[in-house]
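Next come the chains, spelled out residue by residue.
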Amino acid sequence: MNLNSIPAFQDNYIWTLSDDQGRCLIVDPGEAAPVLAAVEQQQWTPVAILLTHHHHDHVGGVKELLNKWPEIVVYGPQETQDKGATQIVSEGDIVPVLGCEFRVIFTPGHTLGHISYYSAPYLFCGDTLFSGGCGRLFEGTAEQMYESFQKLAELPDETLVCCAHEYTLSNLKFANATLPEDREIQRYFHEIKELRAENRTSLPTKLGHERQINLFLRTQDADLQRALRLNMPPQHAWDVFALLRQKKDNF
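Residues numbered from 1 in each chain as written. Predicted model: local features only at pLDDT ≥ 70, side-chain atom pairs only at ≥ 80, totals over all residues. Heavy atoms only, no water.

Visitor: Requested: an account of the overall build of the protein, with residues and values cited.
Guide: For the protein, the count of helices and strands is nine helices and 14 strands. Relative to the 2.2 N^0.38 estimate, which gives 18 Å for 251 residues, the radius of gyration of the protein is 18 Å and therefore close to what a compact globule would have. In terms of its C-alpha atoms, the protein occupies a principal-axis envelope of roughly 60 × 40 × 30 Å. The buried share of the protein, reckoned over its 251 residues, is 53%. Taking the intrachain contacts of the protein between residues at least 6 apart in sequence as the baseline, contacts between residues at least 24 apart amount to 60%. By element, 46% of the accessible surface of the protein is carried by carbon and sulfur atoms, the whole surface being about 11800 Å². Charge separation in the protein, taken as the distance between the mean sites of 21 positive and 33 negative side-chain charges, equals 6 Å. (Helix = DSSP H or I, 4+ residues; strand = E, 2+ residues; numbered from the N terminus. Rg over C-alpha atoms; globule rule 2.2 N^0.38 Å. Buried < 20%, exposed > 50% of the residue type's maximum accessible area, 1.4 Å probe, protein only. Contact = heavy atoms within 4.5 Å. Areas by Shrake-Rupley, 256 points an atom, 1.4 Å probe, with all protein chains shown as cover. Lys, Arg positive; Asp, Glu negative; His and termini not counted. Charge placed at Lys NZ, Arg CZ, Asp CG, Glu CD.)

Visitor: Quick one: what's the story with the packing of aromatic side chains, residue by residue and with numbers?
Guide: For the structure shown, the criterion picks out eight aromatic pairs. Aromatic pair Tyr13 and Trp15: ring centres 6.1 Å apart, planes at 55°, arrangement tilted. Consider the rings of Phe174 and Phe251, whose centres lie 5.3 Å apart with planes at 70°: the pair is edge-to-face. Here the residue Phe174 occupies a position in helix H5 (residues 168-178), and Phe251 occupies one in the segment after helix H9 (239-249), the gap between them amounting to 77 residues. Judged by relative accessible area, which is 52%, Phe251 ranks as exposed. A connected cluster of aromatic rings, assembled from ring pairs, spans Tyr146, Phe149, Phe216 and Phe241. (Phe/Tyr/Trp six-rings, centres within 6.5 Å; stacked < 30°, edge-to-face > 60°.)

Visitor: Could you give me a rundown of the UniProt feature "binding site: Zn(2+) 1" (unreviewed entry) in the protein, with the residues and numbers involved?
Guide: Following the UniProt record, one finds the feature "binding site: Zn(2+) 1" (unreviewed entry) at His53, His55, His110 and Asp127. Maximum C-alpha separation among the annotated residues is 9.9 Å over a sequence range of 75 residues, consistent with a single clustered spot. With near-sequence residues (within four places) excluded, His55 lies in contact with His110, Thr111, Phe138 and Glu139. If we skip the residues at most four places from it in the chain, His110 touches His53, His55, Asp127, Gly135, Arg136, Leu137, Phe138, Glu139, Gly140 and Met145. (UniProt positions renumbered as here; feature names shortened; annotations may be inferred.)

Visitor: So what's going on with the domain arrangement of the protein? Residues and values would help.
Guide: For the protein, the assigned domains read domain 1 (2-162) and domain 2 (167-250). Each of domain 1 and domain 2 was reduced to a C-alpha centroid, and the two centroids are 24 Å apart. Counting residues at the interface gives 28 residues for domain 1 and 26 residues for domain 2. When domain 1 packs against domain 2, the two sides together hide about 2500 Å² of surface, and 62% of this comes from carbon and sulfur. Among the residues of domain 1 in contact with domain 2, Ser131, Gly132 and Tyr146 are the three that bury the most area, contributing 25% of the side total. Linking domain 1 with domain 2 are three salt bridges. Those elements giving two or more residues to the side of domain 1 that touches domain 2 turn out to be strand S2 (12-18), strand S11 (129-130), strand S12 (133-134), helix H4 (142-153) and strand S13 (160-163). (Domains from an automatic or database assignment. Buried area = accessible area lost by both parts, 1.4 Å probe. Salt bridge = Lys/Arg side-chain N within 4 Å of Asp/Glu carboxyl O.)

In structure tokens:
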């Protein structure tokens, strides 16, 4: 399998996965033009589209792509039914494409119906888990997003996190400010600064490394709780997560 990211808008990535026969799937095509250009250049044959949620920067190109390839199957959650999805999927469903079986994981928080797709080692998680961070809570709650993170945290260390935005540098800037003495966060922050200065992508990232540098995956960490000035054990498991998200929003 060949994994590629197609830049779109200001900081979106439209992911593609292609096999040796040139067939490909497309994930969250927010706009059609860069996809059409990549397909033509690589001489791919699109067979499926995976949608994670209903926001325009993830679904805006679906109609034009269906006009070009009407036989494509478009998988998505219920909230994408009026955005071009032809096959509605939900928690636990299996999406068979390119010889892979993608398991659908319900990951609400960013939106109420957000889903992710996993077939080892690939995780297409839309706007739920970012490198070094998590999605904004536009519709859901911190509790929902925390529970979504717990599901994704169960996946293997080698999982390739294919998220939909280039937010790594800003997320690490926040993480470094929160835990300035954490050597791995500090090291990686400087590495990503150099990488982005050369306009190179920071994705995909491995889940095993995210466990080290993503504060939203470290809510049980005593050092983090002290840095957040939590002087008593949190009442709920998601309280630290909620405080982190609030601080990131205001950072």
